[in-house]
Amino acid sequence: MTGLPQFKIKLYADGADLNGMIEEYKKGIASGFTTNPTLMKKAGVKSYDEFAKAALKAIPDLPISFEVFSDDLPGMEREARKIAGWGKNVYIKIPVTNTKGESTASLVKKLSHDGLKLNVTAILTLNQVKTVSKALSPDTPSIVSIFAGRIADTGRDPMPIMKDAVKVLKSNPKAELLWASTRELLNLIQAESCGCHIITITNDILKKVPQVGKDLDHLSLETVQMFYSDAQSAGYKI
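Definitions and cut-offs
Residues numbered from 1 in each chain as written. Predicted model: local features only at pLDDT ≥ 70, side-chain atom pairs only at ≥ 80, totals over all residues. Heavy atoms only, no water. Helix = DSSP H or I, 4+ residues; strand = E, 2+ residues; numbered from the N terminus. Buried < 20%, exposed > 50% of the residue type's maximum accessible area, 1.4 Å probe, protein only. Polar contact = N/O pair within 3.5 Å; in protein donor to acceptor, adjacent residues only side chain to side chain. Core = buried A, V, L, I, M, F, W, Y, C linked by side-chain atoms within 4.5 Å. Contact = heavy atoms within 4.5 Å. Axes fitted to C-alpha atoms, helices over the stretch in contact; angles between N-to-C directions. Parallel < 35°, antiparallel > 145°, perpendicular 65-115°, else oblique. Left-handed = near helix turned anticlockwise from the far one by under 90°. Nonpolar A, V, L, I, M, F, W, Y, C, P; charged D, E, K, R; others polar.

Chemist: Give a detailed account of the side chain of Thr182, specifying residues and quantitative values.
Modeler: Looking at where Thr182 falls in the secondary structure, it is placed in the loop between strand E7 (175-179) and helix H9 (186-194). Given the relative accessible area of 11%, Thr182 is considered buried. From its side chain, Thr182 meets the backbone oxygen of Thr200 in a polar contact 2.4 Å long.

Next up, the structure:
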């Protein structure tokens, strides 16, 4: 069990470093890309429009998710319709609520039934999945992003929620379940076993994919060799 052929799940590269996105695109590992305001800020993005248009020019044929920034539904709708005009491969990320905890389900329903491809994001509960599932049009492709990593950060096992979410979304064949906030390579195996359609993976985790199924005795030896080499190069003595 090595490399990628055994996986049915789609790998989406998660980040906002344009050079990194282009690198993963050229490798042919990623099936799509996701971004968010936090990643964009971290990457030093100054102009949203310029970043998005540069990304879409470099990656014209794979799904890319761009998020709205407004906190009110009319503002979200205005931004969503503008983002939708950037390209046919664009998915608009709509948070499941605004900062006041008010559901965006009505907006999701309106945009989805108007034919806009949405990525409903920041979902952490099964009730949220059920609400979003009912709002999404069965005729328009969509993504439902559950932040499994953040669920795990609270000490809860995300896998039962993910498995139940797969069942909920079966009624909408155009909706894909995405395992978000991936923390480690093991999450890829877990997401696949749950039946998720997509998992977002950062560049550093993507680089570990070839290690899947690697012989543990060999990995142990490599680890010892690394420690020895680093101690020698640093000139450490006891």
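Chemist: Outline the nonpolar core, listing residues and values.
Modeler: One finds Phe66, Ile92, Ile94, Leu177, Trp179 and Leu188 to be the most contacted residues of the largest nonpolar core, which totals 62 residues. Within the second largest apolar cluster, seven residues are counted, among which are Phe147, Leu178, Ala180 and Ile198.

Chemist: Explain the environment of Thr35 residue by residue, including any values.
Modeler: Here Thr35 shows up in the loop between strand E2 (32-34) and helix H2 (37-42). Expressed as a C-alpha distance, the spacing of Thr35 and Ile64, which sit 29 residues apart in the sequence, is 7.7 Å. Excluding residues that lie within four positions of it along the chain, Thr35 makes contacts with Asp14, Gly15, Met21, Phe51, Ser65, Phe66, Glu67 and Lys93. Separated by 2.8 Å, the side chain of Thr35 and the backbone oxygen of Ser65 make a polar contact.

Chemist: Describe in detail the packing of helix H4 (residues 73-84) against helix H5 (residues 105-113), supporting the description with residues and values.
Modeler: As a packed pair, H4 and H5 sit with axes 10 Å apart at the nearest point and diverge in direction by 30°. Between H4 and H5, the angle falls in the class roughly parallel. Classified by chirality, the crossing of H5 by H4 is right-handed. Residue-level contacts link Leu73, Met76, Glu77, Ala80 and Arg81 of H4 to Ser106, Leu107, Lys110 and Leu111 of H5.

Chemist: So what's going on with the packing of helix H8 (residues 159-169) against H9? Residues and values would help.
Modeler: Look at H8 against H9: their axes get within 9 Å of each other, and the N-to-C directions meet at 35°. Handedness of the crossing formed by H8 with H9: right-handed. Residues Met159, Met162, Lys163 and Val166 of H8 lie in contact with H9, whose contacting residues are Gln190, Ser193 and Cys194. Of the residues assigned to the contact of H8 with H9, the class counts are four nonpolar, two polar and one charged.

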